[in-house]
Amino acid sequence: MAIRPIISLPDPRLRLKSEPIAVVDDAVRALMDDMLETMYDAPGIGLAAVQIGVPKRVIVIDPAKKDEEPRALFLVNPQIVWSSEARSSYEEGCLSIPDYYEEVERPSKVRARFLDRMGKLQEIEAEGVLATALQHEIDHLNGVLFIDYLSKLKRDRVVKKFTKAAKREAEERAAEARV
Ligand code: GNR
Ligand code: NI
């Protein structure tokens, strides 16, 4: 297992549409183990493979709170097959948009179909934080970020902030290399 670097805004790879997994083999399981370790280290409650630069339809989620037993979920090729009419609002964050949080409204309950670690077809019904995390992670597989649900003003503001920070870091690295 290994902790892998998480890519962040404005990295264009976050906008890629991830490819389906053909076979859940040892390589996919190794990828999921790295993702879980990276997610726990961050720490976060979910991670999509594309966030470590691997545009494949794989996500890991653990909605357990700090004082609860860990319960890791590994989902390959996940699909929402049903969403409730009812909506809930939740304050979301994203490991690829560090230290930025905003309320996002989504369906309160969803049912998702996916392949588990062994490649077996499974279905889960989720509500609360798990429903939010599932929708947030599946969005990543389609190149969608939670800031896409905010007003253009808020979205432009946060993208600009991260673009400036990335430029500044690149300049600092270049200056360091010249010494
Ligand atoms: O760790 C995370 N917390 C979180 C909180 C509210 C809604 C969604 C999330 S997912 C996020 C980790 C992440 O960026 N996954 O893609
Ligand atoms: Ni995210």
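These figures come from a predicted structure and were not determined experimentally.

Undergrad: Would you mind showing me how to read the coordination of the nickel ion (ligand 2) here?
TA: Ideal geometry at a metal centre: 109.5 degrees between donors when four sit tetrahedrally, and 90 or 180 degrees when six sit octahedrally. All of the protein donors around the nickel ion (ligand 2) are Cys94 (SG), His136 (NE2) and His140 (NE2); their distances to the metal are 2.1 to 2.3 Å. Within one chain, the residues donating to the nickel ion (ligand 2) are spaced in sequence as C-x41-H-x3-H. Taken together, the residues Cys94 in strand β4 (residues 87-94) and His136 in helix α2 (residues 128-141) connect sequence positions 42 residues apart. Comparing Cys94 with His136, the two get one shared label, buried.

Undergrad: Looking at this structure, how should I read the site of ligand 1?
TA: Close contacts around ligand 1 come from 14 residues, with Ile45, Gln51, Leu95, Glu137 and His140 the closest. Take Gln51: an N or O atom from its side chain is 2.8 Å from an oxygen atom of ligand 1. Between an oxygen atom of ligand 1 and a side-chain N or O atom of His136, the distance comes to 3.2 Å. Considered on its own, ligand 1 offers 380 Å² of accessible surface; in the complex 91% of this is hidden by protein. Mapping ligand 1 onto the cavity grids shows that it belongs to the largest pocket. Going through the elements one at a time, β4 and α2 are the ones with two or more residues in the shell around ligand 1. Of the residues forming the shell around ligand 1, the biggest block, five residues, is contributed by β4.

Undergrad: Could you clarify how one ought to interpret the layout of surface pockets in this entry?
TA: A probe matching the size of a water molecule, rolled over the atoms, marks out where space remains unfilled. Approximately 860 Å³ is the volume attributed to the largest pocket. As for the largest pocket, its lining consists of 30 residues, and the residues nearest its centre are Pro43, Gly44, Ile45, Gly46 and Leu95. For the lining of the largest pocket, the secondary structure elements donating two or more residues are α1 (26-41), β4, β5 (97-107) and α2. Residue composition of the lining of the largest pocket, grouped by class: 16 nonpolar, six polar and eight charged.

Undergrad: Even after reading the chapter, I still don't get the pattern of salt bridges, so can you show me in this structure?
TA: Should their charged atoms come close, side chains of opposite charge can pair. Under the criterion given, the structure shown has 13 salt bridges. Here Glu92 ties to Arg106 by a salt bridge, and the two come within 2.6 Å at their closest N and O atoms. Here Glu92, found in strand β4, pairs with Arg106, found in strand β5; they are 14 residues apart in sequence, far enough to count as distant. As far as the burial class goes, Glu92 and Arg106 line up, both buried. Note that Asp139 and Arg106 form a salt bridge whose closest N and O atoms lie 3.0 Å from each other. On the criterion of sequence distance, the pair formed by Asp139 in helix α2 and Arg106 in strand β5 is long-range, its members being 33 residues apart. Given the relative accessible area of 5%, Arg106 is considered buried.

Cut-off values and rules
Residues numbered from 1 in each chain as written. Chains lettered and ligands numbered in written order. Predicted model: local features only at pLDDT ≥ 70, side-chain atom pairs only at ≥ 80, totals over all residues. Heavy atoms only, no water. Donors = N, O, S within 2.8 Å, 3.2 Å for Na, K, Ca; no water. Helix = DSSP H or I, 4+ residues; strand = E, 2+ residues; numbered from the N terminus. Buried < 20%, exposed > 50% of the residue type's maximum accessible area, 1.4 Å probe, protein only. Near = heavy atom within 4 Å. Polar contact = N/O pair within 3.5 Å; in protein donor to acceptor, adjacent residues only side chain to side chain. Areas by Shrake-Rupley, 256 points an atom, 1.4 Å probe, with all protein chains shown as cover. 1 Å grid on protein atoms, 1.4 Å probe; cavity = no way out; pocket = protein on both sides within 12 Å on 5 of 7 lines; lining within 4 Å. Sits in = over half its atoms within 2 Å of the grid points. Points joined across faces, edges and corners; volume = space filled by probe spheres on them. Nonpolar A, V, L, I, M, F, W, Y, C, P; charged D, E, K, R; others polar. Salt bridge = Lys/Arg side-chain N within 4 Å of Asp/Glu carboxyl O.

Note that all results are geometric; they support no functional claim without further evidence.
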